[in-house]
Structures are given as C-alpha cells and as structure tokens.
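# Understanding the architecture of this molecule
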Amino acid sequence: MEKKGRILTGHRPTGPRHLGHLVGTLETWAQLQDDYECYFLIADWHVLTTDVEHTAQIGNNIQEMLFDWLAAGLDPERSVFVQQSLVKEHAELALLLGNLVTVSRLRRNPTFKEQVQELHLGDRASMGLLAYPVLQAADILVYKADTVPVGEDQVPHLELSREIARKFNTTFKPIFPEPKPYLSAIPRLPGLDNRKMGSSYQNF
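A short tour of the structure in this document, coming up.

### Looking at the overall build of the protein chain
What the protein chain contains, in helices and strands, is nine helices and five strands. In the protein chain, the succession of helices and strands from N to C terminus is β-α-β-α-α-β-α-α-α-α-α-β-α-β. In terms of C-alpha radius of gyration, the protein chain reaches 16 Å, essentially the compact-globule figure of 17 Å for 204 residues. Within the protein chain, the fraction of its 204 residues that count as buried is 46%. A separation threshold of at least 6 residues defines the contact pool for the protein chain, and within that pool the share at least 24 residues apart is 75%. Only carbon and sulfur atoms are counted for the fraction: they give 55% of the accessible area of the protein chain, which is about 10600 Å². Here the protein chain contributes 21 positively and 25 negatively charged side chains, and the mean placements of these two sets differ by 7 Å.

Structure, rendered in structure tokens:
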C-alpha cells in the first residue's frame, strides 16, 4: 500500500510515559504506522533545555520510554526509531537553520513564555530553551517529514518550522516540505492541577 506521507514525531525521555502520553500521542502514533512512513524520535537533547543538571537519568529514562512505546504498539519492524543525539545531522542542521530566524521571533513563541512561567525559570531560561523550536525544526526537516502529530501546545513550534522551511526554500532552493500538523482526537489532556499534563509539571 502506498503511504500517505512521512511523519516525524517523538518524546523527550523525561521518565515513564503517563496517561497524557497514551491518549494524547501513543494511541494515535500506533494507528498511523500503517498509513504513513513513521520516524519516532527519542528527543534526548531536548531534555537538556529544561533539565541540564540531571543528565545521568537520561539513559534509564530512554529505556523506560522505549518499553512504554513498545507496549503501546509502536513497532520497529514497521517504523524507524531514532535517538536524536546519535545523529549529528540534527545539530548541524539546527545550527544552520538558526541563522534564518530572529531572536525576537523566538521570544514571541507562546510555548517559550509558558515554560518559563510554569517552571519558574525567570532569568535562568537557557538559550537552548529559546532555540528549542529551531532544533525541533531540524528534527523534522532533516527527514523531510511532511506531517507531524502534535498536541495543541506544539502547534506554534510547528508553525515556526513551516516558516523556517519556507525561508530556506526561498533563500536557497526548494528542498524541504512545509510540515503540516496532525492533531490527535485528544490534543490536550489536563493534569491533576488542570494545567497540561506533563512530566515537567509533576501533575500526571
């Protein structure tokens, strides 16, 4: 059967998956494997943007996350699993793409503002967190993915990925597709405190 397109999506290995991951992403991903060429990203570099002090936990978290992925039906026989830090092209492309977006555009990203506020980062917010959407754009574009399953909170990041792809294509040559979002049936599951359910917020 001819595939509908190519998907890139993933999780940060911040610990075991919770209910929000299951109903918000994993059930959808498992279903998409038959219709799309799927790349599932272990986004370990992205963990560093909010928790650079606890890198010793990442290896175990990756293992736990992979167990959860397999239990939810993700199949390495039908899809490609990628560990971000083992593919240097993610970082190389992010470095290049960073020159196509302004600091002011990154600061306007509502997800950046929300994370700074929710995690009480203040002036401790890193350049890595500010540039998170650029690395995310590189993650997507390096595989020329045209579809990205996302939660509602990631739609602004994806719009920036589309802008970056468009800027690259018009400045140099048309290489990258502009990735479109694919929202799951439950794009945002509230946690116990009614914020978005997330490992970083400890509200799952």
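### Notes on the packing of helix α4 (residues 89–97) against helix α8 (residues 132–141)
It is the contact of α4 with α8, at a shortest axis distance of 8 Å, that shows an interaxial angle of 125 degrees. Taken together, α4 and α8 sit at an angle that is classed as oblique. Between α4 and α8 lies a crossing of right-handed hand. Residues H90, L93, A94 and L97 of α4 pack against V134, L135, A137, A138, D139 and L141 of α8. A per-class count over the contact of α4 with α8 returns eight nonpolar, one polar and one charged.

### Observations regarding the packing of aromatic side chains
Scanning all chains against the criterion turns up eight aromatic pairs. Geometrically, the ring pair formed by W69 and F81 is edge-to-face, given 5.5 Å between the ring centres and 85 degrees between the ring planes. Of the two residues, W69 is situated in helix α3 (residues 58–71) and F81 in strand β3 (residues 80–83); the sequence distance between them amounts to twelve residues. On the basis of relative accessible area, F81 is assigned to the partly exposed category, the value being 24%. Ring geometry for F168 against F172: centres 5.0 Å apart, planes inclined by 50 degrees, an arrangement best described as tilted. Note on F168: relative accessible area 17%, which makes it buried. For F172, a relative accessible area of 56% corresponds to the exposed category. Clustering of aromatic rings is evident, with ring pairs tying together W29, F40, W69 and F81.

### Describing α4
For α4, the set of buried residues is H90, L93, A94 and L97. Down the axis of α4, the sector holding all buried residues measures 105 degrees, keeping them to one side. Among the exposed residues of α4, those oriented more than 90 degrees off its buried face are L95 and L96. In this fold, the buried residues of α4 make contact with β2 (37–42), α2 (44–47), β3, α8 and α9 (155–171).

### So, α3
For α3, built from 14 residues, the straight-helix expectation of 20 Å at 1.5 Å per residue is met to within 8% by its first-to-last C-alpha distance of 20 Å. All buried positions along α3 are accounted for by I58, N61, I62, M65 and W69. When α3 is viewed along its axis, its buried side chains cluster within an angular range of 100 degrees and face the same direction. Those residues of α3 that are buried lie in contact with β1 (6–11), α1 (19–32), β2, α2 and β3.

### Remarks on the pattern of salt bridges
Scanning the entire structure with this criterion turns up nine salt bridges. With a shortest N-O distance of 3.0 Å, R105 and E163 are connected by a salt bridge. Note that R105 is positioned in helix α5 (residues 103–107) and E163 in helix α9, a separation of 58 residues in sequence. Classification of E163 as partly exposed rests on a relative accessible area of 27%. In this structure, R166 and E178 form a salt bridge, with 3.0 Å as the shortest nitrogen-oxygen distance.

About the thresholds
Residues numbered from 1 in each chain as written. Predicted model: local features only at pLDDT ≥ 70, side-chain atom pairs only at ≥ 80, totals over all residues. Heavy atoms only, no water. Helix = DSSP H or I, 4+ residues; strand = E, 2+ residues; numbered from the N terminus. Rg over C-alpha atoms; globule rule 2.2 N^0.38 Å. Buried < 20%, exposed > 50% of the residue type's maximum accessible area, 1.4 Å probe, protein only. Contact = heavy atoms within 4.5 Å. Areas by Shrake-Rupley, 256 points an atom, 1.4 Å probe, with all protein chains shown as cover. Lys, Arg positive; Asp, Glu negative; His and termini not counted. Charge placed at Lys NZ, Arg CZ, Asp CG, Glu CD. Axes fitted to C-alpha atoms, helices over the stretch in contact; angles between N-to-C directions. Parallel < 35°, antiparallel > 145°, perpendicular 65-115°, else oblique. Left-handed = near helix turned anticlockwise from the far one by under 90°. Nonpolar A, V, L, I, M, F, W, Y, C, P; charged D, E, K, R; others polar. Phe/Tyr/Trp six-rings, centres within 6.5 Å; stacked < 30°, edge-to-face > 60°. Arc of directions from axis to C-beta. Expected span 1.5 Å × (residues − 1). Salt bridge = Lys/Arg side-chain N within 4 Å of Asp/Glu carboxyl O.

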